[in-house]
Amino acid sequence: MIHPEAARRLRAIVGETWYRDDQEALVAHSYDATPMLQSMPDGVIYPSSTEQVSEIMKVLSEHGIPVISRGSASNLCGGTVPVQGGVVMVMHRMNRILEVDLENLTATVQPGIITAEFTAHIESFGLFYPPDPGSMRISTIGGNIAECSGGLRGLKYGTTKDYVIGLEAVLASGEVIRTGGKLMKDVAGYDLTKLLIGSEGTLAIITEATLKLVPPPKAKKTMLAMYRDLYGAARTVSKIIESRIIPATLEFLDNPTIRVVDDFAKLGLPLDMEAILLIEQDGDPETVERDIARITEICESEHADRVEVAATREEAEKLLTARRSALTALARLRPTTILEDATVPRSKIADMVLRINEIARKHNVTIATFGHAGDGNLHPTATTDARDRDEIHRVEEAFAEIFEASIELGGTITGEHGVGLVKAPYLEWRVGPAGLGVMKGIKQAFDPHNLLNPGKMFAKETRKRVVVQHG
Amino acid sequence: MDKLTAESAKPAVRHENPLARALAEKLNYDQLTNCMRCGFCLPACPTFKETGMEPESPRGRIALMKAVADGLMDPDEAFQEQMYHCLGCRACEPVCPADVKYGQLIEQARDSIEDHADHSVPVKGLRKLFFDGVFPHRSRLKWLGRSLGFYQKSGLRRIARGTGIMRLFPEHMRDMERILPEATARGVVERIGAFYPAKGKMIARVALFRGCIMDVLFAETNVNTVKLLSEAGFEVVIPDSQVCCGALHAHSGELGKARELARSNIRAFKEAGVDYIVSNAGGCGALLIEYDHLLHEDDDWREDGAWFASRVIDVSRLIAEKGRVPDFAEPAGEDGRAQQLLITYQDSCHLRNVMKSGGAPRQLMNRVGNVRFVEMADAGSCCGSAGIYNVTQPEMAGRVLERKMDNANRTEARYLLTSNPGCLLQMKLGIEKHGAGGQMEAMHIVDFLAERMAAGKS
């Protein structure tokens, strides 16, 4: 329950409409896209300016009320589930593009702008903002920054962290800080910009961002390589990188994923293939031609059954959109899809795929695998049913082994989805006690009373075993 | 303390509240669970676009339904109202990778509310009058047509407006009164009979679904539909015992009534022995094509439902895909030269999202000589008409319409075509309230094509 005095002050800041504590609003802000998690907030607030965010934070600090800032809540780590109640701060109203600076090639935006709307706007200026998370049609730029979202173009262009050069953010105290700016170089002190990127709303509330834009590539080609042998596809990935070609996109989809994606997007994909690589190269027309020809040779040397280049841009876009919907489309098989985010050095992709399949067989569970193969970032995804307790237990066991395999191969517990709630107990396993100590110190410096997205990133207990189901 | 709860099996909740119990029983729990909450539906939802608020989105509404079924919240008045805020346009369905049947869920929710709500949602009485009293009865529809036609023609309308008596009605009802076309008791059968032969070699025998509102307010469109079908090579019959499709009932939670109507229609069309059942109203067509789903729990009617559903097709699609597309051309102007005409198109949500036939109208429009088709931004997003939504939820309908008209005006089109009577009325209203320059006119695509067919032949 929010103290009535605090609620009154919050209403006074944003207006009656934009603070809600009715049952409907609370239920509708009790979840994000992470399966099986739900927890009620005590209030929901929709600010429209940095000043409002600052005033709100002063009230919340005074009353010791937790706050969870969010965009569209499409994250997959439980990052925006209000586990300790408090106020959910929805950033949708702060969705303006404040400036596109054509001399410096930067854009300054409010956090609530939808990623796809932003990129479309930027393209109308003949410019390019590469980060393209799978959820870009709904995710917000603010959310992308908070989670340091990856995407299909991460291999060649990097992820969100490589394009954010300045931030405005509100601290727990209500004070406003500015980091970076329209500068390509800046070594004045610690890099607070980078620190806030991927901080999952635990350090400050991002209210404005300055983003780096780049000239768009002159040409682009998209191709599909189809394999009857799963490992042939995985080996192709390493060989492409080894041959010193960095494609813009290099995605891996296994058979179950191909089937559901095709069922949704009606692409006419070959349903009898064990794996597909979706490859895109961009750049100068000659380079693109040369790279695509060379990649085709590599695919064939690894016994690809068929290699096809998309004839039109629409066809290519359709393929990419279909890939972006893979996770949700897997819900067509079974109601609950639990997606993981195992990342290994990219030379180990074939080994990792092999291990995942062995583990799934051993525990008698169905695990579909797709992901950004070029980044070594795989998404083994269990298709299951939350109502089947026994199966859920076997899924837990399988994921525990998958993570152990990932760490053994030199990988990590999350490549792009973040720690949030789901991975919090394993953070120490990845970064070590000293690393975790430093992180906690940083948290303390920004948010001494632990009001910003509490319960995330740092868990009360550390675990090595993966437990997908809470409660 | 952590308040996290696990969501898992359908909980064995004992619902004290009768509405909560009804919802828990009627809502398809598999569909509720299938929603991954990925949020891909949010940008497609008109009410979310207007408000930016999660409860006003498909993901939010499903979460609310699930929370009631799980015993996490009461189906209070706000919940009930939220279920009616949805336009039912189903734009969320084609974009859902998980294939959640949202349309079914919202119908199940409304059905439970209709049966069990203690307090009436604002328009319940009005709805009851029309749903039970008028739509299902042909004779009463005719009476309505006659009375309304008399009112419009006799000068009563002028008197009513002159005396200011209309001011006693809410604004949105007055708006509607203004744009209603001339009503009539002379429907399509009274005008051209129940049978119309095919021109040239017959491709197939089809039955026209004439609809209830269509036949009172747009009888001319029904006549044009028959002529267009005949020209394209189809023999047309109009079974006389057909009734209202039941769409307005189903979408408002009167599923029992909708099923009754469905059974009557199946009986009527089975007797006609036709290859296709043709609809010229997206809203009706979408329910007709789902009669199989509507009756899937009815052992006696399941097969007939499937028989019926598999034959339903929209007039544009039938002509574009199976017919001989007639020559269409813009009639010549006074100087004998045809001007190039700018047209645009407002999708019927149900034609596009449920009947999956958004392409066919565009194909036909692009076949008309001397016409340039301009796509308006967001043509596939709902216009706010949505059955009787514009009467029951005037505020939101008004906001959605205003956005729609901004996009329509930007095309500078002379004609704004649609494929559904509700959309057509809404577009007429939109042009009257927000039209730019008084240049634009709304028209059913069938009427537009029928006019151009004559010109194409000459």
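Since we're looking at a predicted model, the values are computed, not measured.

A. Representation of the overall build of chain B. Across its full length, chain B holds 25 helices and 12 strands. The 458 residues of chain B split such that 61% are buried. Considering only residue pairs separated by 6 or more positions, chain B has 78% of its internal contacts joining residues 24 or more positions apart. For chain B, the exposed area adds up to about 18,300 Å²; of that, 49% sits on carbon and sulfur atoms.

B. The arrangement of unusual backbone geometry in detail. Residue and element names in this part refer to chain A. Positive phi, close to 50 degrees, is recorded for C148, a residue that is not glycine. When you line up the elements, C148 lands in the loop between α5 (141-147) and α6 (154-157). Look at N453: it is not a glycine, yet its phi comes out positive at around 45 degrees. Checked against the element boundaries, N453 lands in the segment after α15 (427-446). For N453, a relative accessible area of 2% corresponds to the buried category.

C. Quick peek at the sheet that holds strand β12 (residues 249-254) of chain A. Residue and element names in this part refer to chain A. The strand order across the open sheet built from 7 strands is β14-β11-β13-β12-β16-β17-β15, with neighbouring strands paired in antiparallel fashion. Because the sheet does not close on itself, it has two edges, and the strands there are β14 (306-309) and β15 (336-339). With direction set aside, neighbouring strand axes in the sheet form an average angle of 15 degrees. Of the pairings in the sheet, the one linking β12 to strand β16 (residues 367-372) comprises 2 bridges and is antiparallel in character. By the bridge assignment for β16, F252 is matched with G371. Where helix α9 (residues 255-265) meets the sheet, its contacts fall on β12, β13 (275-283) and β16, and the angle it forms with β12 comes to roughly 95 degrees. Against the sheet, helix α14 (residues 389-408) contacts β15, β16 and β17 (377-384), and its axis sits at roughly 165 degrees relative to β17.

D. A look at the environment of P35 of chain A. Among the structural elements, P35 of chain A can be located in the loop between α2 (23-28) and β2 (37-38). Sequence-wise, P35 of chain A and G432 of chain A are 397 residues apart; in three dimensions their C-alpha atoms are separated by 28 Å.

E. The arrangement of the interface of chain A and chain B in detail. Contact residues are listed per partner, giving 51 residues for chain A and 45 residues for chain B. Contact with chain B buries area across many residues of chain A, yet E24, Q38 and R387 of chain A alone supply 18% of it, more than any other trio. Between the two partners, chain A and chain B, sit 2 salt bridges. At the surface where chain A touches chain B, the tally comes to 9 residue pairs in polar contact (both at pLDDT 80 or more).

F. Highlighting the nonpolar core. Residue and element names in this part refer to chain B. Residues L229, Y291, F308, I343, L417 and F448 are the most contacted members of the largest nonpolar core, which totals 91 residues. In terms of residues, this core owes the most to one element, helix α15 (residues 255-272), which gives 7 residues. In this structure, F308 is in contact with N265, I266, F269, I277, L288 and Y291, ignoring residues within four places of it in sequence.

G. The arrangement of the pattern of salt bridges in detail. All names here are of chain A. Tallied over the entire structure, the rule returns 66 salt bridges over all chains. A salt bridge links E302 to R235, with the shortest nitrogen-to-oxygen separation between them at 2.9 Å. Of the two residues, E302 is situated in the loop between α10 (285-301) and β14 and R235 in helix α8 (residues 230-242); the sequence distance between them amounts to 67 residues. Within this structure, D229, R235, K239 and E302 form a network of salt bridges that share partners.

H. Spotlight on the pairing of β12 of chain A. Residue and element names in this part refer to chain A. Of all 6 residues making up β12, 6 are buried, and the element is well covered by its neighbours. Burial along β12 is two-sided: T249, E251 and L253 and L250, F252 and D254, pointing in opposite directions, are all buried. Sheet topology places β12 next to β13; 6 bridges connect them, and they run antiparallel. Counted as the bridge partner of E251 is L278 from β13.

I. Spatial organisation of the packing of aromatic side chains. Inspection of every chain in the model, using the stated rule, returns 8 aromatic pairs over all chains. Centre to centre, the rings of F128 of chain A and Y157 of chain A are 5.4 Å apart; their planes meet at 90 degrees, and the pair counts as edge-to-face. In this pair, F128 of chain A is assigned in the loop between α4 (115-123) and α5 and Y157 of chain A in helix α6, connecting sequence segments 29 residues apart. Y157 of chain A shares its class with F128 of chain A; the two are buried. Both rings, one in Y415 of chain B and one in F448 of chain B, keep their centres 5.6 Å apart while their planes meet at 65 degrees; by these two values the pair is edge-to-face. Taken together, the residues span a long stretch of sequence, with Y415 of chain B in strand β11 (residues 415-418) and F448 of chain B in helix α25 (residues 445-457) at a distance of 33 residues. F448 of chain B matches Y415 of chain B in its accessibility class, with the two residues each being buried. Members of the aromatic cluster, each reached through a chain of ring pairs, are F209, F269, Y291 and F308 of chain B. Here K212 of chain A stacks its cationic end above the ring of Y163 of chain A, 5.4 Å away from the centre of that ring.

J. Main features of the pairing of β15 of chain A. All names here are of chain A. On β15, burial covers both faces: T336 and I338 on one face and T337 and L339 on the other are all buried. Taken together, the 4 bridges between β15 and β17 define a ladder with antiparallel strand orientation. Across the sheet, residue T337 finds its bridge partner in β17, namely T383.

K. Empty space enclosed by the protein, seen in detail. Residues and elements named next belong to chain A. Tallied over the full model, the rule gives 11 cavities of 30 Å³ or more. Roughly 720 Å³ of volume is contained in the largest cavity. Lining the largest cavity are 46 residues, with S74, N75, S135, E147 and S149 sitting closest to its centre. Of all elements in the fold, only β4 (67-70), α5, β10 (205-212), α11 (313-324), α12 (326-329) and β16 reach the threshold of two or more residues within the lining of the largest cavity. Broken down by element, the residue count for the lining of the largest cavity peaks at 5 residues, all from α5.

L. Quick peek at the state of the cysteines. This model, assessed by the stated rule, comprises 0 disulfides over all chains. Not part of a disulfide, C284 of chain B finds its nearest cysteine sulfur in C245 of chain B, a span of 3.8 Å.

M. Main features of the packing of helix α1 (residues 18-26) of chain B against helix α6 (residues 102-116) of chain B. All names here are of chain B. Interaxial distance between α1 and α6 falls to 9 Å at its minimum, and their mutual angle equals 150 degrees. Classed by the angle they form, the pair α1 and α6 counts as roughly antiparallel. In terms of crossing hand, the pair formed by α1 and α6 is right-handed. Touching P18, L19, A22, L23 and K26 of α1 are Q108, A109, D111, S112, I113, D115 and H116, all from α6. For the contact of α1 with α6, the per-class residue count stands at 6 nonpolar, 3 polar and 3 charged.

N. Region of the structure containing the side chain of R153 of chain A. Along the chain, R153 of chain A falls in the loop between α5 and α6. Sequence-distant contacts of R153 of chain A, defined by excluding residues within four places in its chain, comprise F128, Y129, P130, D132, G158, A248 and T249 of chain A.

O. Region of the structure containing the confidence of the model for chain B. When pLDDT is averaged across chain B, the result is 87; 85% of the residues are at 70 or more. Taken together, the chains of this predicted complex give a pTM of 0.88 and an interface ipTM of 0.93.

P. Region of the structure containing the side chain of T115 of chain A. All names here are of chain A. Checked against the element boundaries, T115 lands in helix α4. For T115, a relative accessible area of 0% translates into the label buried. Here the side chain of T115 touches N144 through a polar contact of 2.9 Å, side chain to side chain. For T115, the residues in contact, after removing those within four places along its chain, are P131, P133, M136, S139, T140, I141 and N144.

Calculation notes
- Residues numbered from 1 in each chain as written.
- Chains lettered and ligands numbered in written order.
- Predicted model: local features only at pLDDT ≥ 70, side-chain atom pairs only at ≥ 80, totals over all residues.
- Heavy atoms only, no water.
- Helix = DSSP H or I, 4+ residues; strand = E, 2+ residues; numbered from the N terminus.
- Buried < 20%, exposed > 50% of the residue type's maximum accessible area, 1.4 Å probe, protein only.
- Contact = heavy atoms within 4.5 Å.
- Areas by Shrake-Rupley, 256 points an atom, 1.4 Å probe, with all protein chains shown as cover.
- Pairing = 2+ DSSP bridges.
- Axes fitted to C-alpha atoms, helices over the stretch in contact; angles between N-to-C directions.
- Buried area = accessible area lost by both parts, 1.4 Å probe.
- Salt bridge = Lys/Arg side-chain N within 4 Å of Asp/Glu carboxyl O.
- Polar contact = N/O pair within 3.5 Å; in protein donor to acceptor, adjacent residues only side chain to side chain.
- Core = buried A, V, L, I, M, F, W, Y, C linked by side-chain atoms within 4.5 Å.
- Phe/Tyr/Trp six-rings, centres within 6.5 Å; stacked < 30°, edge-to-face > 60°.
- Lys NZ or Arg CZ within 6 Å of the ring centre and 35° of its normal.
- 1 Å grid on protein atoms, 1.4 Å probe; cavity = no way out; pocket = protein on both sides within 12 Å on 5 of 7 lines; lining within 4 Å.
- Points joined across faces, edges and corners; volume = space filled by probe spheres on them.
- Disulfide = S-S within 2.5 Å.
- Parallel < 35°, antiparallel > 145°, perpendicular 65-115°, else oblique.
- Left-handed = near helix turned anticlockwise from the far one by under 90°.
- Nonpolar A, V, L, I, M, F, W, Y, C, P; charged D, E, K, R; others polar.
- pLDDT = per-residue confidence, 0-100.

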